[in-house]
Each structure stands twice: as structure tokens, then as C-alpha cells.
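# Analysis of the macromolecular model
If you want the building blocks of each chain, they are given just below.
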Amino acid sequence: MTGAVRVLRAAVVPLALIGLTALAGVVLGRVYAGGLLTGLVVGAAAGSVLVSVAARRLPSWLVAPVSVAAMVGWTLWSLRLAADRAALPGGLLEITGDAARNGIPRLLTAMIPVEPTPDTVLVPVVAAWLAGLAGAEVALRTGRVLLGYLPAAGLYAAALYVVGPNAAPAVGVTVAFVAVAAVGLAAPTGAASAPAELAPRVRAAVRLRLATSAALGVALVVGLVALLGPTVADQVDGRPVDPRRYVEPPQVQTLDENPLIRISGWALRPEQKLLDVSTERAGVSPQVSDGVPPGAEPAGDAGGGARIRLAVLSDYDGVTWRVGATYRNAGRILPAAAPSRDSTVETVRQQITVAELSGRLLPAVATPREVSGARVAYDPASGTLIRPEGLTPGLRYAVTSAEERPDPNLLTSANVPAGAEVARVLRVADGVPDPMRRLAAQLAEENGAPYARAQAIEQFLAEHYRVVADAPSGHAYPNLGFFLFGPRTGGGQEGTSEQFAAAFAVLGRLSGLPTRVVVGFRAGKQGPVLAGDAFAWPEVLFDGLGWVPFHPLPRPNEEPRPVEEDFRPAPADPPPSEAPAPTVEPSASPEPVAAGDGPPGRAGVSTPLLVAGGSGGLVLLVGALLLTLLAMRRSLTRARLGRGDPGQRIAGAWREVTDALRLAGRPVGDDLAATEVAGHARQTLADARAGMTADSTTADGTTDGPAVDDLAALLNQVGFAPGAATPDQAARAAEVAMAYVHTLRSARPWWRRLLWSVHPTPLRRARRSPR
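Calculation rules
Residues numbered from 1 in each chain as written. Predicted model: local features only at pLDDT ≥ 70, side-chain atom pairs only at ≥ 80, totals over all residues. Heavy atoms only, no water. Buried < 20%, exposed > 50% of the residue type's maximum accessible area, 1.4 Å probe, protein only. Helix = DSSP H or I, 4+ residues; strand = E, 2+ residues; numbered from the N terminus. Pairing = 2+ DSSP bridges. Contact = heavy atoms within 4.5 Å. Axes fitted to C-alpha atoms, helices over the stretch in contact; angles between N-to-C directions. Patch = residues over 30% accessible without salt bridge, like charges linked within 9 Å, V, L, I, M, F, W, Y side chains within 5 Å. Areas by Shrake-Rupley, 256 points an atom, 1.4 Å probe, with all protein chains shown as cover. Salt bridge = Lys/Arg side-chain N within 4 Å of Asp/Glu carboxyl O.

The next point concerns the pairing of strand β12 (residues 396-406). Most of β12 is tucked away, with eight of its 11 residues classed as buried. Pairing of strand β6 (residues 343-354) with β12, which is carried by 11 bridges, proceeds in the antiparallel orientation. Bridge pairing in β12 places valine 345 opposite glutamate 404. Inspection of the sheet shows strand β9 (residues 368-372) paired to β12 by four bridges, in the antiparallel sense. Bridging across to β12, serine 372 finds its partner in alanine 398.

This part covers the sheet that holds strand β8 (residues 364-365). On the basis of which strands lie adjacent, the open sheet formed by five strands has the order β8-β2-β15-β17-β18 and antiparallel pairing. In the strand order of this sheet, the two ends are held by β8 and β18 (546-549), each with one partner. In terms of strand pairing, strand β2 (residues 306-313) meets strand β15 (residues 515-523) through seven bridges, oriented antiparallel. Note that in β15 the partner of alanine 306 across the bridge is alanine 523. Packed on one face of the sheet, helix α14 (residues 497-510) meets β15 and β17 (534-542) and runs near 15° to β17.

Turning our attention to a nonpolar patch on the surface. Together, Trp750, Trp751, Leu754 and Leu755 give the surface a local cluster of nonpolar side chains, amounting to about 490 Å² of exposed area. By secondary structure assignment, the location of leucine 754 is in helix α20 (residues 750-756).

Across the sheet, which stays open at both edges, the five strands sit in the order β9-β12-β6-β1-β16 with antiparallel pairing between neighbours. For this open sheet the edge positions go to β9 and β16 (526-530), each flanked by a neighbour on one side alone. Neighbour to neighbour, the strand axes of the sheet diverge by 25° on average, direction disregarded.

Let us now look at the environment of threonine 75. As for its position among the elements, threonine 75 is in helix α3 (residues 60-85). Residues threonine 75 and leucine 122 lie 47 residues apart in sequence; the distance between their C-alpha atoms is 7.0 Å. When near neighbours in sequence (up to four residues on either side) are disregarded, threonine 75 contacts Leu122, Val125 and Val126.

Enumeration according to the criterion identifies 26 salt bridges in this entry. Glutamate 346 is paired through a salt bridge with arginine 405; the nearest N and O atoms lie 3.1 Å apart. In this pair, glutamate 346 sits in strand β6 while arginine 405 sits in strand β12, placing the two residues 59 residues apart along the sequence. The same class applies to glutamate 346 and to arginine 405, which are both buried. For glutamate 735, the salt bridge is made with arginine 732, and the minimal N-O distance between the two is 4.0 Å.

The structure is reproduced here in C-alpha cells:
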């Protein structure tokens, strides 16, 4: 019985260490999909502690290599299991290398819930093993249980930080962590138990000491809980910091930021093979997926095919439509969004093989819910995917999508949302051409309901414009203006789907419709997707129905009507007055009139003459300003050195020196004594002369310059013995001041010497201190 008690007592601390380390996995597992991550962390915690227990009789330096070898084995098995669960291709060596390179950034940029993939489980598993190893060695080998808890506590805190605000507060798990720690502290370790060979009295003393230590440990934990409990409780309802905001998520390339410009290039190479697609539908819905009449859907939307989305462009600045998405690393299962209230959902499964499509954007039917065969990043706002590593020929992946189909019977009465939530897709950039505004106003005033406005724009574009494959790319305001109103004989009123979709989206926003542009491909049920299948289409957001696509391209074999038949252009000139115009009798050839004899405001003066006159006037103005400043500066100097009694003239000479120091960029403070200012003046002059070619240093090492110290002495005399200064001393002060100013100015660069005499700073200071 005694042996069983000893074994149980010796197992308390290892079990506590396993529990504390495993609880960090429980906390972190709350932001993971499924329980795989929690199980792997628990296994790492148990393995690290049990290895230390089994190797307890080995030298301490040998335990770490043995434990690390076991950790490598457990980690490799964990990575292989995670890769198999996520259906990721590649060998174990490739998977391990990729996870080691990208484990931390992908963990912090992964979408919540995080899919347990090799790169998102590597760091937690290794950290748990190392924390268990360090804690077991300290607690079991030295008997310092409380110190051995530190690695597990640090791991637990790190798990809480990584979870951040993405899960509910872990109150229950934290209470369990404290309870397990208290149990471990209450039980003495085997290393610290009293040896049996000790005398009964000594053994009793040792046991008393151990019990006292355990009680003190428990009391310490309870005290910390009592002390920190209120502070921690106050933070329970606070929002933790999310570390993901400090890490930049995967970015798209410049080519993918605006794939709309690729439409024209694909149109010129229609036979280029981009993808191979196989589509399977759970059941084709009889509803129409477009905001177009039955039978007018684009190819690929019927007969079991699909419209594959490449990119969604919601941001337009008047020049370029951009994706503007924030992609987060995602696993095989993507976050499911609630479908629109009045739409039906159809499951679409596709097998897609990349041929010559480049970039990072990953094509898929809207809206993807599961992806296997490729590592992806996902933007929930647009429902689009990217492959951070980029597309490569031969890449094969499977996508399961939930395709929404709005109820066409509700479209005619549906409203469009408004407010801050949709401000992004309602924003109209500055610089809209006036004809485009008038066209949008004309279409809107004839159709009040939102769906009627969208249909009017769609019908106007389809009936008046022509699709051509060789139209130049471009969808800035000038491009769209030429597409809509340019002369048909000069290349206007024709374009690719790029101009049709962009024009629809801009006209829609001008009409109050939330719109965006989508780039994608028409795909049959099975077969290749060629460059000629690429096209762009606009979508409008309706309440309860979601994003509804429209098809503004003209019908096949239909000749477009001239725009002028249905668009009322603004009159070029104001209507003529009803008063009869005065008649002018014909006369002989008019005499030429000299340019200078015409009335004011007539275009009779040549441009060069105007430029020359304006430049000359500006030069005269600047010259007059400089001369005025020069005269004012000289007048100030004369007033300081020649007016007033000798004391005032000495003070004026001193102000000339301090102004010179300020102009040289070495001003002095008002709190310095006169002798300190004199020393500063000598040093300023020496520094200015240091760069000059002439050496003005005397044999005794002093600077040969004006006797500023004499001037300082005279100033002190004026201050402490008013009225004692003589006219000769005032003249001497003026001589020293002018000599110093001249010497300091001569040591400045030539361009500073030019500005010295006209600088307005002394004038401003004289105004504030007129003495």
C-alpha cells in the first residue's frame, strides 16, 4: 500500500505539468477547426514529460537530446497526419520544409477557424513539447515545482495572445489551469520526499518542512489569485489585442489587382487554353441566375455549365477598377456565410486543372466552401480565392461552391441597401464626364425602381454598342466617355466586355445602385476553358437577394442603334434670342487694326509680350522689396550706433553683435551673461573661419579678431554704473561691433553674405525690443 501511495504521489507533479501544457492547447484549439490541434498538443505535452520521467536516472545533459529526438518523431507524425486530413499533396520532406519556413506568418494570417494544416500545427506542437521538457526538468530534477510551472504558464499566455478577440473569454480553462497548478504544488515531489533511512525524528522534521513548503506554495497561488483576480476580472469583458493586425496578409500581384485589363489581351488570343474544368451540379435550378430575360443568359450558364469567377472588383477611383481584397490563409473548409434571404442555394463541385492561366487568383464558382489540392487564401467579403505561391501549369484542385440564385419574381420589387455598409460600392470618384452624368440621370428618371434602372442601363448598352475583340484596353473616365459617346466612325461606341461592364457599373452608381465588376470565364459542363471564354460582367446588390449579375453585352447578330436616337445631348450653344439680329451693311475690306488700339480684354497682345511684362514686373517688385529691407536695416544700425547717450549707443552696439550671431545661425539666450556671450561670439567666429583658406590664428593660439570682450566689459559698465560711459567708449563700442559683424559676415558663404544685409530678423527683434 505504501508503494502505491509513493507512486501516486510521485505522479502528481508530472500529471500536473502535462495538464498545464495541454490546457494551452485547449485554449488555442478554440480558433481551430475540429479537435486535431488540441489532440496533437496534448500528445506533445504528455510525450515531453514522460520522456523526462523515463530518463530521470540519465545525466541531465543527455535528457535534452533524447527528448528532442522524440519531439522530431512526434512532430513529423503530426505534420503527416495534418497534411492527410487537409488533403495536401507533396512528400513529407516538402511539407516539413514549407511548414518550417512559413509556420509563424501563416498561423497569424490564417482565417478563423484555422484549418489544422502542417504550417498551422508545427509551431504549437513544438512549443508544447519544449515547454513540457523544460518544466519537467526543473520541477522533477530539482524539486522546484513552482519554477517548473513557468514554461507552461508562458505557453498558456502565448496561446491566449494568439487567440486574441477571436474566441470567447477562456474563464473556465483558466480556472482549471490554476486548480491543476495548486494540486501540483500541494503534493511533494519524489526528489524532495524524506528518505526512509533517516531517523524518525529527522524524517518527521523533513516531512514537516515539505508540508510547510507545499502550504506556502498553495498560499502563494491563492494570494496571487486574490491580488490579481479583480484586475483580471475587469479585463474579462475587454477586447484583447489581435496580433493578426500586425502581420501583413498575403497580397495579390499588380497583374491580379486589376485583372480587368487582361480581357483585351485574352480577346486577341481566343484559342489560348487557360483551364480544364469538370462541373457537377447537385441539381440544376430552373431559376434564371442573371438579371436578364430567359434565353439571354451568356454561354456557360445553362446546360450544367458554370460561370467561374476569377476576381471581384469593388473599388474604382476614376482610372482603375481594383480588387481591394484582404486575403487570409485558409484551410480546406472555408467559412460559411449565410445565404441571402430570398435566394436558393445550389451545390456545384468542380475539378479544375490550370493550363496557361497565370497570376495568383484562383478561379472558382461563387461562393467556394471547400477547396482541396491547393493551399489557398480567402477573402470572405468578395468570396474569392488566391494561391499565395502563384498558379503553375498542371495544378489540379477541387472546389465545392454554394451558388446562390435569386428569385426572379422578387427582383422587380426589390430595393437596394444604403448606408455605410455599402458606401464602398456606391462611391463615385471625382471627375465624371458631364455626358455620362446626364445619361445616367436620363435612364434613372425614366425608371424609378432599382431593378428597372439596372435593366434600363443593361438594355441601353446592349442595344447601342458593339463588341469587338481588338478594342484597346482601358476603363478610366476618358476611355468610358469615348466608348459611350465617341464617333462610331472613329472607333467609339464599341469595345470588349471590359468597357461594357465598367460602363454599367459607373452608370449604376450614378443612378444610386450599389455595383461592382466581376472578371471570370464561361465554362461548359466539361472541357477546356479558353481565353475567348473570359469576360467581365457587372453585378448589383439587392436587399434579400444578394449580388445579381447582369449581362449588358449585345445580342448576337443584332446591329446596334445610334446612341443619338435615345440619348438627349445637351445643346452646344444657348438658344438664340427672339429679337432680330441687326443687319450689317456690306462694306469694303476693313482696315487692319493695330494690336494696341483694340478695346481692353481683346486678344491683341502677344503671349511673349505678356510673359516678358509679367516677369519684368515681378523682378521690379522683388528688387523694390530688397532695397526697402536694405534701407531699413542700415537705418536701424545708424540709429543704434549714433543716437542717444553713450550708454544707449553701447547697448545698441551689443545688439548688433547678438543680431549677427542670430544671422549666423548661432543665437544666444537672454539668460547668458555678457562675458558668456562674448566667449560664444569668439567661438562662432573661430568656427566660421575654420573653413576659410586664410589662417588668422596668432602665434599664441588665440583668434585674431575684434575685441568682443572689450565690448562686453563696456556693456557691464553701463549696466552696473549707469551714466559713467563716455562718448569715446561709445565710439569704441561701435567700432568693435561693426568690425565683428563685418568679419563674421565675410566668413559666411557667398549666398549667405547676399542675404545678410536684407534679412528681416533684426527688424522684427527691434520692433519687439525698441530700446
